[in-house]
Amino acid sequence: MRALVISGGGSKGAFAGGVAQYLLQNKGYTYDLFIGTSTGSLLISHLALGNIDKLHSIYTNVNMNQIFDINPFIIKRKKGIEYVTINHFNVVRQFFRGKRTFGESRKLRDFIKANLSVAEFKYLQSLSTDVVVTVTNISKNEAEYKSIKNCTYEEFCDWIWISSNYVPFMSIVKKEGCEYGDGGFSSLIPITEAINRGATEIDVIILETEISITKTILGKNPFSLLIDLFLFTLDQVGKLDLLNGKLAAKNKNVKLNLYYTPTKLTNNALIFNQNKMKKWWQQGYDYAQNKSEIMSQIR
């Protein structure tokens, strides 16, 4: 049983799309299980459908206005470098409305529904392939995994949206009596879950470099510092997920094929820059191709 696992990583999901395109179209791999977290959850339904061109269009044209109805960020550029500052007006407006998050991302849910039709959902449900989305149940402090087999169309779109909601910068969602947020808070790289579901070989796309090659420069204002600290926390969750996944794979004789980003793509994956994402998609494709050629020579 072969599985494709895609980690969280915001806009870096474009790189994962390029890797997955090569694995599906050029290597001809077929998967019994697709499981994703955060941006990975946005990718997997279209990958399972084989809608590569559609997915490429989505990931190379999406912008902040299609994600946020209340955007807590202002993106500034200085000497060619992008950095994030707080949108004081929107954040204060959230405060006076009694909201607990800096921004709202209901537009992302609409965007998900606009790009995954009911017909596509029903077709996916009819396949033997399983598509699983990772979410964090904040109320219970645990990861949950939502299979397309056990959801209605509306529920599944909700879980994809929830998996991608980077609280407190995006919406926190109350569902089934609990409050939910980004799947990356509890399971950034859900390798162990894929193994628990029976996978014997797993292609894992990890939207970080294998080794830290640059120093993290902390934000110069409280808001950007908060973002940096959250990213640091997610990085630690990812390292633990990877360690546990490798141990589980070793114990159950599961083959892992790991695909990292060869360079640090961005300091802030919450910035959706169309030009950069187009480049990242191609980089992902080229990286997977080069890795495949190297592995073939070794064999």
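Rules and cut-offs
- Residues numbered from 1 in each chain as written.
- Predicted model: local features only at pLDDT ≥ 70, side-chain atom pairs only at ≥ 80, totals over all residues.
- Heavy atoms only, no water.
- Buried < 20%, exposed > 50% of the residue type's maximum accessible area, 1.4 Å probe, protein only.
- Helix = DSSP H or I, 4+ residues; strand = E, 2+ residues; numbered from the N terminus.
- Salt bridge = Lys/Arg side-chain N within 4 Å of Asp/Glu carboxyl O.
- Polar contact = N/O pair within 3.5 Å; in protein donor to acceptor, adjacent residues only side chain to side chain.
- Contact = heavy atoms within 4.5 Å.
- pLDDT = per-residue confidence, 0-100.
- Phe/Tyr/Trp six-rings, centres within 6.5 Å; stacked < 30°, edge-to-face > 60°.

Moving on to helix H2 (residues 39–49). Among the 11 residues of H2, 10 are classified as buried, and the element is accordingly described as predominantly covered. Buried within H2 we find Thr 39, Gly 40, Ser 41, Leu 43, Ile 44, Ser 45, His 46, Leu 47, Ala 48 and Leu 49. In the stretch just after H2, Gly 50 is the one whose phi turns positive, near 80°.

The next thing to look at is the pattern of salt bridges. All told, the structure shown has 16 salt bridges when counted by the stated rule. For the salt bridge of Arg 2 with Asp 203, the shortest nitrogen-to-oxygen distance reads 3.0 Å. With a gap of 201 residues between them, Arg 2 in strand S1 (residues 2–6) and Asp 203 in strand S9 (residues 201–206) connect regions that are remote in the sequence. The exposure class of Arg 2 is buried, given its relative accessible area of 16%. For Asp 203, a relative accessible area of 0% corresponds to the buried category. In this structure, the salt-bridge partner of Arg 100 is Glu 179, at a minimum N-O distance of 2.3 Å. With Arg 100 in the loop between helix H4 (88–96) and helix H5 (106–115) and Glu 179 in strand S8 (residues 178–182), this pair connects stretches of sequence that are 79 residues apart. Exposure remark for Arg 100: the relative accessible area of 57% places this residue in the exposed category.

Okay, the side chain of Glu 120 next. Mapped onto the elements, Glu 120 comes out in helix H6 (residues 118–126). A distance of 3.2 Å separates a polar atom in the side chain of Glu 120 from a polar atom in the side chain of Asn 51. Other than its neighbours up to four places away in sequence, Glu 120 contacts Leu 49, Asn 51, Lys 54 and Asn 115.

Right, let's get into the confidence of the model for the protein. In the predicted model, the protein carries a mean pLDDT of 90, and 93% of its residues have values of at least 70. Here strand S4 (residues 81–86) is the element of the protein with the lowest mean pLDDT, 72, and S1 is the one with the highest, 98.

Tallied over the full model, the rule gives 13 aromatic pairs. Ring centres of Phe 68 and Phe 73 lie 5.8 Å apart, and the angle between their planes is 90°; on these two criteria the pair is classed as edge-to-face. Of the two residues examined, Phe 68 and Phe 73, each falls in the buried class. Among the aromatic residues, those joined into a ring-pair cluster are Phe 68, Phe 73, Phe 102, Tyr 166, Phe 169 and Phe 185.

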